[in-house]
Amino acid sequence: MANEPVLVSAADGITRLTLNRPDKLNALTRSMMRDLQSALERAAVSPDCRVIVLTGAGRAFSAGQDLADGVYVKGGPQPDLGLVLDQYNPVVRRIRTLPKPVIAAVNGIAAGAGTSLALACDLVFAARSASFMQAFAKIGLIPDCGSTWMLPRLVGEARARGLAMLAEPLSAEKAEAWGLIWKAVDDDKLAAEIDAAASRFAAGPTYGFALQKQAFAGSAHNTLDAQLDLERALQSKAGASPDYEEGVGAFLAKRKPSFSGRES
Ligand code: LHQ
């Protein structure tokens, strides 16, 4: 099991997915992306999973696409990277549409598609020594796996273009200051911080979080008018959930809520 490219462990409502090629800084291979996709699909439907944590083994989160994965062969025909992305894009889509919170625990450098994977998550915590590098331009590529969509929304056009075109590492602290990520934490506190956040989500209103994700997804293209309609529709569903009943009941009774996370 320790040699699996993606380690999966599940306990107490928390599914942990660890990119596991530490000697190659968790560079992403096509088979790794397939494994990640399958693990996400299982987590999506498992009633025992209420939050997913994505992290990397060793000193990196992920150095992006494995440049030695056989896609590029010296002297060979030029590959169609669009076909390669067919194995990456479903993972990004799944993280964004997964009806449960997904937390990135960025333990070290995230480069190229590794950065995109982290930014696709709902909350990004990073160790203070970690950095984010839109490495693509270094090899003549454009940011992919959603980075050209996420970057300008998170940090604005000027910073998005600077990050993409200069391809320099951005420290975790600056990433937090720019709004690229949720939080930079001291290296020796990252594990505890992630455990606390994951436990909180595992005891949270899971269905409500799923609806929040739908609302934020809609806001990316909706007018205010359309978004008000979407919020109305989603809030109708949230208000019909057992967790709404429990949340309000607990508030009025001045006790802690005990959320089931269920839709009905
Ligand atoms: C690696 C890699 C790597 C293989 C380190 N591959 N071995 C495109 C097409 C289609 C689909 C999806 O996405 C994409 C977009 C991309 O993701 S393209 C961008 C790919 N990533 C990069 O260009 C980053 C390449 N890596 C680096 O620049 C450096 O390794 C960084 C800055 C991440 C870390 O530098 P160092 O801390 O100095 O470590 P290192 O370079 O010595 O790497 C350690 C080992 O990891 C080394 O292997 P070795 O056997 O020599 O010890 C590297 O070859 C290997 N490694 N990244 N992407």
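Just above sits the structure.
As the structure is a computational prediction, the values presented were derived from the model and not from experiment. (Residues numbered from 1 in each chain as written. Predicted model: local features only at pLDDT ≥ 70, side-chain atom pairs only at ≥ 80, totals over all residues. Heavy atoms only, no water.)

Chemist: Could you clarify how one ought to interpret the nonpolar core in this entry?
Modeler: With 64 residues, the main nonpolar core has Leu-36, Ile-103, Val-106, Phe-132 and Leu-180 as its most contacted residues. Here the element with the most residues in this core is helix H1 (residues 30–45); it accounts for 7 residues. Ignoring sequence-local partners within four residues, the contact set of Leu-180 consists of Leu-119, Phe-132, Leu-151, Leu-154, Val-155, Leu-170 and Ala-175. Among the nonpolar cores identified, the runner-up in size contains 5 residues, and Leu-211, Ala-215, Leu-234 and Ala-238 belong to it. (Core = buried A, V, L, I, M, F, W, Y, C linked by side-chain atoms within 4.5 Å. Buried < 20%, exposed > 50% of the residue type's maximum accessible area, 1.4 Å probe, protein only. Helix = DSSP H or I, 4+ residues; strand = E, 2+ residues; numbered from the N terminus. Contact = heavy atoms within 4.5 Å.)

Chemist: In this structure, what is going on with the packing of aromatic side chains? I would like to understand it.
Modeler: Two aromatic rings, taken as a pair, are described by how far apart their centres are and by the angle between their planes. Counting across every chain of the model gives 1 aromatic pair. A ring pair is formed by Phe-201 and Phe-209, whose centres lie 5.1 Å apart and whose planes are at 80°; its orientation type is edge-to-face. Neither Phe-201 nor Phe-209 differs from the other in exposure class; each is buried. (Phe/Tyr/Trp six-rings, centres within 6.5 Å; stacked < 30°, edge-to-face > 60°.)

Chemist: Can you help me understand the pairing of strand E7 (residues 123–127) in this one?
Modeler: Within a regular strand, the side chains alternate between the two sheet faces. Most of E7 sits out of view: 4 of its 5 residues are buried. Bridge analysis of strand E5 (residues 102–106) against E7 gives 4 bridges, and the strand direction is parallel. The partner of Ala-104 across the bridge, within E7, is Val-124. As paired strands, E7 and strand E10 (residues 183–185) are joined by 3 bridges and run parallel to one another. Bridge pairing links Ala-127 to Val-185 in E10. (Pairing = 2+ DSSP bridges.)

Chemist: Sorry, what's going on with the environment of Asp-225 here?
Modeler: Along the chain, the position of Asp-225 falls in helix H9 (residues 224–239). For Asp-225, a relative accessible area of 58% gives the class exposed. Along the primary structure Asp-225 and Tyr-207 are separated by 18 residues, whereas in three dimensions their C-alpha atoms are 24 Å apart.

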